[in-house]
Amino acid sequence: MTSSIADRAHEAYERRPGFFDTLVDQRAPRYMWIACSDSRARPGHFACVQPAQVFVHRNTGNLVIRTDTHLTADLRFAVERLQVETIFVAGHYGCSSVHAGLHAAAGQPQPTWLRHIQATRRHYQPLIESLPLHLQLDALCELNVLEQVVNVCTLLSGFWDRGYQVSVAGHMCGPDDSVLVDLGITTDSCASLLEQFVGAVERVARRHSLLHCSRPSPPL
Ligand SMILES: [Zn+2]
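Residues numbered from 1 in each chain as written. Predicted model: local features only at pLDDT ≥ 70, side-chain atom pairs only at ≥ 80, totals over all residues.

Draft legend 1. Summary view of the overall build of the chain. Secondary structure assignment for the chain yields nine helices and five strands. Scanning the chain from its N terminus toward the C terminus, one meets helices and strands in the order α-α-β-α-β-α-β-α-α-α-α-β-β-α. Going through the 220 residues of the chain one by one, you find that 30% of them count as buried. (Helix = DSSP H or I, 4+ residues; strand = E, 2+ residues; numbered from the N terminus. Buried ≥ 20, exposed ≤ 12 C-beta atoms within 10 Å, placed from the backbone.)

Now the structure itself:
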């Protein structure tokens, strides 16, 4: 018989009696983690840190939409109250949300979140279409993260102007939980964002082009 959540929490406590007390004592998260709601994306595990060190916001496709009041409230709390050091936007390969954005039919009514992913797909259409189908999803997952980093920076510009010290970084989680890919964009100001962003997009294109050359397409 499947155990309840309460049973499993009790079992966890029995195995590690001090675990939850430790979490209570760690009330100063150093990081904010914006990740996909996908059950395979486990933020604390990916970051190799204790859960209490990470303030987590999750949504479909790890999106940062400026009119999303839940996201903006979490961001403000993380920066002003928790004073986190770094905000990570963390995508993951094989993301179902990004897959939906990649393959959604044009011209059909779509939910807001999907339209944002579709907009990214359209913006990078030449790059995406230069890749074989089996690499397009991974490339769009990475590009989606880079776009969300830009959106976070836009939301943070007012905080930076007021002297808050917080950086933003874009990472990818691999199918293996232990794999964390730095997309090479870590910034603490709008001034450094543009240069890093251009370089990061170029690396996405280069990385997947090299994969295309070195890895044969899977059989149909
Ligand atoms: Zn996902």
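Draft legend 2. Seen up close, the packing of helix H5 (residues 96-103) against helix H8 (residues 133-161). As a packed pair, H5 and H8 sit with axes 9 Å apart at the nearest point and diverge in direction by 110°. With respect to each other, H5 and H8 are oriented roughly perpendicular. Across from Val98, His99 and Leu102 in H5, the residues of H8 making contact are Gln136, Leu137, Leu140, Cys141 and Asn144. Residue composition of the contact of H5 with H8, by class: five nonpolar, three polar and no charged. (Axes fitted to C-alpha atoms, helices over the stretch in contact; angles between N-to-C directions. Parallel < 35°, antiparallel > 145°, perpendicular 65-115°, else oblique. Contact = placed C-beta atoms within 7 Å. Nonpolar A, V, L, I, M, F, W, Y, C, P; charged D, E, K, R; others polar.)

Draft legend 3. Summary view of H8. Compared with the 42 Å implied by 1.5 Å per residue over 29 residues, the 43 Å span of H8 between its first and last C-alpha is a close match. Taken from the residues just after H8, Gly163 is the one with a positive phi, measuring 95°. (Expected span 1.5 Å × (residues − 1).)

Draft legend 4. Fine view of the packing of H5 against helix H6 (residues 112-123). Put simply, H5 and H6 touch, their axes get as near as 8 Å, and they point 65° apart. Here H5 runs over H6; the crossing is right-handed. Contacts from Ser97, Val98, Ala100, Gly101 and Leu102 in H5 reach Leu114, Ile117, Gln118 and Arg121 in H6. Looking at the contact of H5 with H6 residue by residue, the class counts come to five nonpolar, three polar and one charged. (Left-handed = near helix turned anticlockwise from the far one by under 90°.)

Draft legend 5. The environment of Leu193, seen in detail. With respect to the helices, strands and loops of the structure, Leu193 is situated in helix H9 (residues 190-214). We classify Leu193 as partly exposed; it has 19 C-beta atoms within 10 Å. In this structure the C-alpha to C-alpha distance between Leu193 and Val150, which are 43 residues apart in sequence, comes to 7.6 Å. Here Leu193 is in contact with Val150, Cys153 and Thr187, once residues within four sequence places are set aside.

Draft legend 6. A look at helix H4 (residues 69-82). Between its first and last C-alpha atoms H4 spans 18 Å; for 14 residues at 1.5 Å apiece the expected length is 20 Å, and the two agree. On the buried face of H4, the contacting elements are strand S1 (31-36), strand S2 (54-59), strand S3 (86-92) and H8. Downstream of H4 by a residue or two, Gln83 has a phi angle that is positive, lying close to 50°.

Draft legend 7. Geometry of the sheet that holds S2. Taken in spatial order, the five strands of this open sheet run S2-S1-S3-S4-S5, and their pairing is mixed. Of all the strands in the sheet, the pair left with one neighbour each is S2 and strand S5 (180-187). Adjacent strand axes in the sheet meet at a mean angle of 20° when their direction is disregarded. Where S1 meets S3, five bridges bridge the pair, whose relative direction is parallel. If you follow Trp33 over to S3, its bridge partner there is Phe88. (Pairing = 2+ DSSP bridges.)

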